[in-house]
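An overview of the molecular structure
This is what each chain is made of:
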Amino acid sequence: MLDKRGSAWHALRLMSELPKAYEPQAVEAKWYAAWLDGKCFEADAASAKEAYSIVIPPPNVTGILHLGHVLNNVLQDILARRARQEGREVLWLPGTDHAGIATQAKVERELREKEGKTRRDLGREAFLERVWDFKNAHGDIIIRQLKRLGCSCDWSRERFTMDEAYSNWVSHVFVELFKKGLIYRGKRMVNWCPVSLTALSDEEVVMTPQRSKLYFMRYEVVDAPGESLEISTTRPETLMGDVAVAVNPKDKRFSKYIGRRVRRPFPEAEIPVIADDHVDMEFGTGALKITPAHDKADFEIGVRHGLEIIDVFTPDGHVDCPGCPDLHGLERFEARKKAAAKLEEMGLLLKVEEYENNVGFSERAHVPVEPRISMQWFLKYPCVKEAADAVANGDIRFRPERWAKTYAHWMDNLQDWCISRQLWWGHRIPVWYRAEKLEALKGAESLDMSDLAQGDIHVGTEPPADAENWVRDEDVMDTWFSSWLWPFATMSDLGEDSATLRKFYPTTDLVTGPDIIFFWVARMIMAGFEFAGGLPFRNVYFTAIIRDLQGRKMSKSLGNSPDPIDLMDKYGADGLRFGLMRIAPVGSDIRFDEAQIEEGRNFANKLYNACRFRQMAGSDQCRVISDQKELPPYHTDIMAKLDELGTDLGAAYEEYRFGEIAHRLYEFLWNEFCDKFLEAVKLDLRESATADARERTLGTFDAVMARYLQLLSPYMPHIAEELSVRMGYVGDGEFVMDKPLPDAPLIDFDAADAQARAAAVYETAGRLRNLKAEYKLSTRKDVRFVVKGAPDWLAGETAVLSLLVGAGGIVLDDAVSAPKGTPAALTPVGEVIMPLEGLVDVEAERARLGKEIEKIRAEIAKSEGKLGNASFVDRAPSAVVAQERERLTEWQSKLTQLSEMLGGLE
RNA sequence: GCGCGCUUAGCUCAGGGGUAGAGCACAUCCUUCACACGGAUGGGGUCGUAGGUUCAAAUCCUACAGCGCGCACCA
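Our subject in this report is the structure included herewith. (Residues numbered from 1 in each chain as written. Chains lettered and ligands numbered in written order. Predicted model: local features only at pLDDT ≥ 70, side-chain atom pairs only at ≥ 80, totals over all residues. Heavy atoms only, no water.)

1. So, the side chain of Thr-285
Summarising the element assignment, Thr-285 is placed in the loop between strand S11 (269–275) and strand S12 (287–290). Since its relative accessible area comes to 10%, Thr-285 is described here as buried. A distance of 3.3 Å separates a polar side-chain atom of Thr-285 from the backbone nitrogen of Ala-287. For Thr-285, the contacting residues outside a window of four places in its chain are Phe-216, Glu-230, Ile-231, Ser-232, Arg-253 and Phe-254. (Helix = DSSP H or I, 4+ residues; strand = E, 2+ residues; numbered from the N terminus. Buried < 20%, exposed > 50% of the residue type's maximum accessible area, 1.4 Å probe, protein only. Polar contact = N/O pair within 3.5 Å; in protein donor to acceptor, adjacent residues only side chain to side chain. Contact = heavy atoms within 4.5 Å.)

Shown next, in the form of structure tokens:
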């Protein structure tokens, strides 16, 4: 069954005196280096094997590993490693993302703190050099951390979103979409981040409930002094930009004012009262001040009514309104207080109410975004229908499936994507403007597409020939505008035929968080259809979100986010991986508990010690078991259970039930292999045992453990490799990580009888231990048992049973007659009697039996009630009724027995 | 406001029309020659609430509540 081992491994095994507890750190580093050395992770695009591919969700290049990454990447690693074992050609393509805003902000902060300079002090070129320096210094931190975790990525294909080849793709895509008329430039209301000083996409705005105030004020009606319109607002600081007051046309309270004018207090101006359906009559006073420059809804109303747009803020969120010196230059939240105070002074402020509303925050800078009119580049999404259909019809499968609904909803409500960012770090927009034209229009900020004649703008991957006469657009693209090309732009250089792309695209699985369905997943699908001829992946597995035990999201500021590196130091990478997988449910969130990781470590230790036991038992060569049918039931049983485990895991992998796989691996090793099999076969390994017994047991151990380690390998790759080699389960220079899973089962005959016997012995052992414990005899080794009515085969197993129970002896005697009241248990092998020899406290025993009898009477009453119910007996399936009758009989005989025992004590 | 998900033992979670499950934690015992990162035994739950379907509901259905997450122009 097993190959002969080379003598080198044998010698290693003999020489090594294993420490009592597994020490993962050195082992893990050793094997990772060995895998890299053996080029185990490198994908061969020319391979004839079936392809399996995943592209990593690229972490931020300057980021550090957090538990979310760990979960995400361990899942991918498990999939990749399992696919290798299944004989597929695996590409797990790694890389990092330049993360425009996050990275630039980091470098700017460092610049400010260390040198007191801004990026503008340095200038674009010099600043970008700094960012590259930063990237080069810190960019591989997270990569090193992923390696520590054991990630089996093909590092020879590592990509970065600002690699030259990748950047070429980004520009190309921009130019192509522009040519198609899907990219346009325009002045629109965008989400403006006053800290990052850039526009953001809708997805980068996080709506957050805020405790704020609702200000009630009045605007005087111009032609009716003394009369005024009451208005409510949360943002009095935008009052200077008010150009109208709107009411609902159906609102009778205000109909008389429509078309008349009210007085804006500062800077003083007369503004019209207009009617618009958007206004909710129920809310506040029913009258809404209209500030088209600073509110999306107001902007739309402004467009409908042809209103003026008065911008009263600077890009960094300060008031820009020289006509109102009190407020001019104030920061926007200072200005809010000041504006309210001014209204109060003027007698125009009626009241202020506490109010909770949703405010959009900048995802990166964590400050409220400012709706702002500005000139930006926008994209109308391509291939929307294909992308929506692909998920709806199952060409791309989401797991859990419910996310498909979220996706569909978003796809149905697509808004144009603002893709320009006023940053320097990123892919610069590949657009040039004729210098003289720009001059004439006083800078690009006011440059609308309509202002540009054909010859004034150049959109291309290369600068125009007479570059000195042109000025390049200052903006860069949204980071996600490069990320959405990831599945194919990582696999091919633009314009070149790529063997990698042909072999590995579309990818098989994508593993990511549901929080980036819109940011990334949906956009990749659209880009895949538009630029790579089809869907980018077939399955998307959405991970759970990791929370702390209180259910809060992990965050730096809360300090509730454990450092995965610390966890690996304490428990090993395998321990972290396994512990996390055991608590990873399919759907909902994960409550992270370090105790779970500790269990992962304990499990590794248990496994290690099982193997250590094997080594201490003998250095015999693994023996080919010639006739499995000659084996004792425990041996057959454990092999059959391993076969079953292999089958079950296969099915679980099909359905991405990662938690279940971890659970089954744990259960098999601990409960079946160690607690049952190893305990049952210890007699075979004693000095007194025959060579034959010893060999069959070591042979079975090796056969089972060798395969088990293979099955475990995707989850705990390092220890699986270590033990496989130490135990001699892989040949010299071979790795267990990519060894093909065997097709043939260990047991190829009907093992039901043997398994039933093994189960009977294990269960009997449990009952008898239980009986000992009831009489407080757990630690006694001299307790003897007599079995009545045992099956023939049991005679050969009494020694094992005795060992499992910790008994002084077990005899089979159908004719035994014990005194009444002798403790006994009904077991699968017959009635077993435990003679007490008068060592037990009679009073306590009597009380215990009394309680037990009460309980059983209650059960009998319940069961009899059920069977006395005609509708149950008539209409329930006969098997169920029979089962119930059987139960009743069991209870009744138990009652008889207990009553006799009680009687025996009298 | 709409949608989705969750609610099972002290904790973290499986399960799913026919006698409530696991791991941890807890209690008692055991330092027995693989493992105290261990072994044995045990206590502990009317499966969120209220109705309905059914011979039978923790499981299916309907409401409701609590929590979480999306989406939404209510200032």
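2. Brief notes about the packing of helix H11 (residues 384–392) against helix H12 (residues 403–412)
Between H11 and H12, the shortest axis-to-axis distance is 10 Å and the interhelical angle comes to 165°. Between H11 and H12, the crossing angle belongs to the class labelled roughly antiparallel. Every pair of crossing elements has a handedness; the one defined by H11 and H12 is left-handed. On the side of H11, the interface is formed by Val-384, Ala-387, Ala-388 and Val-391, while H12 contributes Ala-404, Tyr-407 and Met-411. The residue makeup of the contact of H11 with H12, split by class, is seven nonpolar, no polar and no charged. (Axes fitted to C-alpha atoms, helices over the stretch in contact; angles between N-to-C directions. Parallel < 35°, antiparallel > 145°, perpendicular 65-115°, else oblique. Left-handed = near helix turned anticlockwise from the far one by under 90°. Nonpolar A, V, L, I, M, F, W, Y, C, P; charged D, E, K, R; others polar.)

3. Things to note about the protein's contact with RNA strand B
Lining the immediate surroundings of RNA strand B are 55 residues, of which His-278, Asp-280, Glu-599, Trp-670 and Arg-875 lie closest. Within the side chain of His-278, one N or O atom sits 2.5 Å away from a base oxygen of RNA strand B. Contacts to RNA strand B include Asn-358, whose side-chain N or O atom sits 3.0 Å from a base nitrogen. Looking at the surface near RNA strand B, the elements with two or more residues in it are strand S8 (228–233), strand S13 (349–362), H12, helix H19 (594–617), helix H21 (658–680), helix H24 (752–774), helix H27 (870–875) and helix H28 (878–905). No other element matches the ten residues that H19 contributes to the surface near RNA strand B. (Near = heavy atom within 4 Å.)

4. Here's the deal with the pattern of salt bridges
Under the counting rule described, the total for this entry stands at 61 salt bridges. The closest approach of N and O atoms between Glu-268 and Arg-263, which form a salt bridge, is 3.5 Å. The class of Glu-268 is exposed, set by a relative accessible area of 57%. Among the charged side chains, a network of salt bridges with common partners joins Glu-220, Arg-261, Arg-263, Glu-268 and Glu-270. (Salt bridge = Lys/Arg side-chain N within 4 Å of Asp/Glu carboxyl O.)

5. Some details on the packing of aromatic side chains
Tallied over the full model, the rule gives 38 aromatic pairs. Geometrically, the ring pair formed by Phe-481 and Trp-484 is tilted, given 5.4 Å between the ring centres and 45° between the ring planes. Trp-484 carries the same exposure label as Phe-481, and that label is buried. Among the aromatic residues, those joined into a ring-pair cluster are Phe-174, Phe-178, Trp-377, Tyr-381, Trp-410, Trp-417, Phe-481, Trp-484 and Phe-518. Above the face of the Trp-35 ring, Arg-81 is positioned so that its terminal group lies 4.5 Å from the ring centre. (Phe/Tyr/Trp six-rings, centres within 6.5 Å; stacked < 30°, edge-to-face > 60°. Lys NZ or Arg CZ within 6 Å of the ring centre and 35° of its normal.)

The quantities given are spatial measurements derived from coordinates; they are silent on function.
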